[in-house]
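Take a look at the letters that make up each chain.
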Amino acid sequence: MCLGIPMKVSAVDGFNARCEAKGVSRDVSLFMMQHETVSPGDWVMVHVGYAIQKMTETEARSAWEIFDQILEATEQPA
Amino acid sequence: MADPATTWLDRIRGLDLPERIRIMNVCGGHERSISMAGLRGALPAAIELIPGPGCPVCICPEEDVYEAIQIARREPVILVTFGDMLRVPVNLPRREIRSLEQAKAAGADIRPIASPLEATAIARDNPDTPVVFFAAGFETTTAPVAAMLAGGVPDNLSVLLSGRRTWPAVAMLLEGETPGFDALIAPGHVATIMGPEEWSFVVENHDIPSAVSGFTPESLLAGMYSVLRQHLEGKLFLDNCYEEVARPGGNPTARDHLERVMDVVPAKWRGIGEIPASGYALRPEYAGRDARRRYPGYADEGRKRAGQMPQGCDCARVVLGKIYPNQCRIYGSACTPRDPVGPCMVSDEGACRIWWSAGIRSEDAA
């Protein structure tokens, strides 16, 4: 549950952001991002449904490379 | 553009390393990246990478899991919790219900969630049923729980809080006679929330080289290169190899939510005992949200083996970095992800589970 997931913001409505990653879309809370402006097109690091910080696309893509490996490994039966 | 992992590996290989240097990480996410990317095999043999106290599920007090099971079974509630908590066993005879998963199978309304937002949604959708959110986690998870409460929740939602702070466990190790490591990779997302500065004490009070790292192999290797150079050159400082995300002062909104909603208290860690200033408790203003107040009397700390790790399980020593996962007496034999004994094999962030997923077996060299 500590794994942060980089996601791209597609729409913002108050403290709620629609975010996307790997073709999956979900609602993310911006309640912990009140010190920053988050806009569509931004990338955010998401922890348990809450954005905890903005990040660059480069950092996000780099993070996804290792997550892809992890997902592949954890999808295999133990 | 950050340097690629191969460049960092070459730099590390080019260092004049001592015979042995032990670098501890204190984050399940770090350990997962290290294991999945095969960094141990790629680094010079002198470098030992030790997984430390980085799994909140593993150290969540046995008493709290027991309390959650009892509330879910004996009160007319819906109990929601992060999925990892469901299979954590408590110390009861095998004929009794020993996990939330077993309680669920026996009829209790227990639902796994992935976010505090789901807890509020379930409470909203079931206005006539009390909902208890059993919330275990480090700062990265506890801050969202604080944000959830600060933002306002339905009246029927209460929280059974088992929030823990990471650095006091490292402080406890460093204040012991044998800390067991020579350098530290500090957790990137805890630092994102709380600020990298929280880890300065490791360098300033204990002369241990330290670096905050992110979760990519490049960021982890950059952190390792930094602490190795600090060690070799004797110039110690807290480096930040995750600057873009772990910013000075951390996330001010998240810290504000934490401070408004929770107090820092001494807290128990499973199999380890109480660590000063290592836990969170709801502030008096939020006492009405405290599941322990709504449903008192279920902790039963007088039970046999209450608070301990399961019998035969070496999870406590694994969590403290005293042994590697595959040095546990039951790793891979009595304890596997399919039939786990200890919480370190249950949780996705447990070192045993991560090592098993990475293909490391009991006979492999650590």
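Novice: A description of the overall build of chain B should follow, citing residues and the corresponding values.
Specialist: Along the backbone of chain B there are 17 helices and 11 strands. By the compact-globule yardstick of 21 Å for 366 residues, chain B fits well, its C-alpha radius of gyration being 21 Å. C-alpha extents for chain B along the principal axes are approximately 65 × 45 × 35 Å. Within chain B, contacts between residues separated by at least 24 positions form 76% of all contacts whose residues are at least 6 apart in sequence. Put simply, chain B shows about 13,800 Å² of open surface, and 47% of that area lies on carbon and sulfur atoms. Separation between the mean location of the 38 positive side-chain charges and that of the 46 negative ones in chain B comes to 6 Å.

Novice: Describe the overall build of chain A, and please don't skip the residues or the numbers.
Specialist: Across its full length, chain A carries 1 helix and 5 strands. When the helices and strands of chain A are read in sequence order from the N terminus, they spell out β-β-β-β-β-α. Burial status across chain A gives 49% buried among its 78 residues. Excluding contacts between residues fewer than 6 apart, the proportion of contacts in chain A whose partners are at least 24 apart in sequence is 36%. Approximately 3,700 Å² of chain A is accessible, and the part contributed by carbon and sulfur atoms is 49%.

Novice: So what about the packing of helix H7 (residues 116–125) of chain B against helix H8 (residues 139–151) of chain B? Which residues, and what values?
Specialist: Each pair of packed helices can be described by the angle between their axes along with the distance between the axes. Residues and elements named next belong to chain B. Two elements in contact, H7 and H8, have axes separated by 9 Å at closest approach and are oriented at 35°. Contacts from Pro116, Ala119 and Thr120 of H7 reach H8 at Pro144, Val145 and Met148. Among the residues making up the contact of H7 with H8, the classes are represented as 5 nonpolar, 1 polar and no charged.

Novice: Talk me through the nonpolar core; I want residue IDs and the actual numbers.
Specialist: Among the nonpolar cores identified, the biggest contains 115 residues, and Phe133, Met148 and Leu184 of chain B are the most heavily contacted of them. Excluding anything up to four places from it in sequence, Met148 of chain B contacts Tyr50 of chain A together with Pro116, Ala119, Thr120, Phe133, Val153, Leu157 and Val159 of chain B. In this structure, Ile47, Leu49, Ala222 and Tyr225 of chain B belong to the second largest nonpolar core, which totals 25 residues.

Novice: Can you tell me about the state of the cysteines, naming the residues and giving the values?
Specialist: All names here are of chain B. Evaluation of the coordinates by the stated rule reveals 1 disulfide over all chains. A sulfur-sulfur distance of 2.2 Å marks the disulfide that ties Cys55 to Cys58. Because the sign of the S-S torsion sets the handedness, a value of about 75° for the bond joining Cys55 and Cys58 places this disulfide among the right-handed ones. The pair Cys55 / Cys58 is uniform in exposure class, with both members buried.

Novice: Describe the interface of chain A and chain B, with residues and values.
Specialist: In this complex, chain A contributes 31 residues to the contact, which on the side of chain B involves 42 residues. Both sides together, the interface formed by chain A and chain B hides about 3,200 Å², and carbon and sulfur atoms give 65% of it. On inspection of chain A and its partner chain B, the count reaches 1 salt bridge. With a shortest N-O distance of 2.7 Å, Glu36 of chain A and Arg247 of chain B are connected by a salt bridge. When contributions to the side of chain A that touches chain B are tallied by element, the ones reaching two or more residues are strand S3 (24–29), strand S4 (43–47), strand S5 (50–55) and helix H1 (57–75) of chain A. In terms of residue count, H1 of chain A provides more of the side of chain A that touches chain B than any other element does, 8 residues in total. Tallied by class, residues from the side of chain A that touches chain B come to 16 nonpolar, 11 polar and 4 charged.

Novice: Please give an account of the sheet that holds strand S1 (residues 21–25) of chain B that cites residues and values.
Specialist: Residue and element names in this part refer to chain B. Spatial strand order, S2-S1-S7-S8-S9: 5 strands in an open sheet with parallel pairing. The sheet is open, and its two edges are formed by strand S2 (47–51) and strand S9 (238–241), each paired on a single side. Taken over all neighbouring pairs, the strand axes of this sheet differ in orientation by 25° on average, direction set aside. Where S1 meets strand S7 (residues 183–187), 3 bridges bridge the pair, whose relative direction is parallel. Its bridge partner lying in S7, Ile23 is registered against Ala183.

Novice: Account for the side chain of His257 of chain B, naming residues and giving values.
Specialist: Along the chain, His257 of chain B falls in helix H13 (residues 252–261). Other than its neighbours up to four places away in sequence, His257 of chain B contacts Phe31, Met32 and Gln34 of chain A together with Ala146, Ala147 and Ala150 of chain B.

Novice: Could you give an account of the packing of aromatic side chains, naming the residues involved and the relevant values?
Specialist: Residue and element names in this part refer to chain B. Per the stated rule, a full pass over the model turns up 9 aromatic pairs over all chains. Both rings, one in Phe138 and one in Trp269, keep their centres 5.9 Å apart while their planes meet at 35°; by these two values the pair is tilted. Taken as a pair, Phe138 in the loop between strand S5 (131–137) and H8 and Trp269 in strand S10 (residues 262–269) lie far apart in primary sequence, 131 residues in all. Residue Phe138 shares its accessibility class with Trp269, and that shared class is buried. Where Phe215 meets Tyr242, the ring centres are 6.0 Å apart and the plane angle is 80°; that geometry is what we call edge-to-face. Of the two residues, Phe215 is situated in the loop between strand S8 (210–213) and helix H12 (217–233) and Tyr242 in the loop between S9 and H13; the sequence distance between them amounts to 27 residues. A residue is classified by how much of its surface remains accessible, and Phe215, at 7% relative accessible area, is buried.

Novice: For the confidence of the model for chain B, give the residues involved together with the corresponding values.
Specialist: Counting all residues, the mean pLDDT for chain B is 95, and 99% of those residues have values of 70 or more. The ipTM value of the predicted complex is 0.93, and its pTM value is 0.95.

Novice: Can you break down helix H5 (residues 62–74) of chain B residue by residue, with the values?
Specialist: Residues and elements named next belong to chain B. Taking 1.5 Å of rise per residue, the 13 residues of H5 would be expected to cover 18 Å, and the 18 Å separating its terminal C-alpha atoms lies within 8% of that figure. Counted residue by residue, H5 has 11 buried out of 13 residues, so it is predominantly covered. Restricting attention to buried positions, one finds in H5 the residues Glu62, Glu63, Asp64, Val65, Tyr66, Glu67, Ala68, Ile69, Gln70, Ile71 and Ala72.

Novice: Explain the sheet that holds S5 of chain B to me, using residue names and the numbers behind them.
Specialist: Residues and elements named next belong to chain B. The strand order across the open sheet built from 4 strands is S4-S3-S5-S6, with neighbouring strands paired in parallel fashion. Of all the strands in the sheet, the pair left with one neighbour each is strand S4 (109–113) and strand S6 (157–163). Across this sheet, the average inter-strand angle for adjacent strands is 20°, counted without regard to direction. The strands touched by H5 within the sheet are strand S3 (78–82), S4, S5 and S6, with S6 carrying the most contacts at an inclination of about 160°.

Cut-off values and rules
Residues numbered from 1 in each chain as written. Chains lettered and ligands numbered in written order. Predicted model: local features only at pLDDT ≥ 70, side-chain atom pairs only at ≥ 80, totals over all residues. Heavy atoms only, no water. Helix = DSSP H or I, 4+ residues; strand = E, 2+ residues; numbered from the N terminus. Rg over C-alpha atoms; globule rule 2.2 N^0.38 Å. Contact = heavy atoms within 4.5 Å. Areas by Shrake-Rupley, 256 points an atom, 1.4 Å probe, with all protein chains shown as cover. Lys, Arg positive; Asp, Glu negative; His and termini not counted. Charge placed at Lys NZ, Arg CZ, Asp CG, Glu CD. Buried < 20%, exposed > 50% of the residue type's maximum accessible area, 1.4 Å probe, protein only. Axes fitted to C-alpha atoms, helices over the stretch in contact; angles between N-to-C directions. Nonpolar A, V, L, I, M, F, W, Y, C, P; charged D, E, K, R; others polar. Core = buried A, V, L, I, M, F, W, Y, C linked by side-chain atoms within 4.5 Å. Disulfide = S-S within 2.5 Å. Buried area = accessible area lost by both parts, 1.4 Å probe. Salt bridge = Lys/Arg side-chain N within 4 Å of Asp/Glu carboxyl O. Pairing = 2+ DSSP bridges. Phe/Tyr/Trp six-rings, centres within 6.5 Å; stacked < 30°, edge-to-face > 60°. pLDDT = per-residue confidence, 0-100. Expected span 1.5 Å × (residues − 1).

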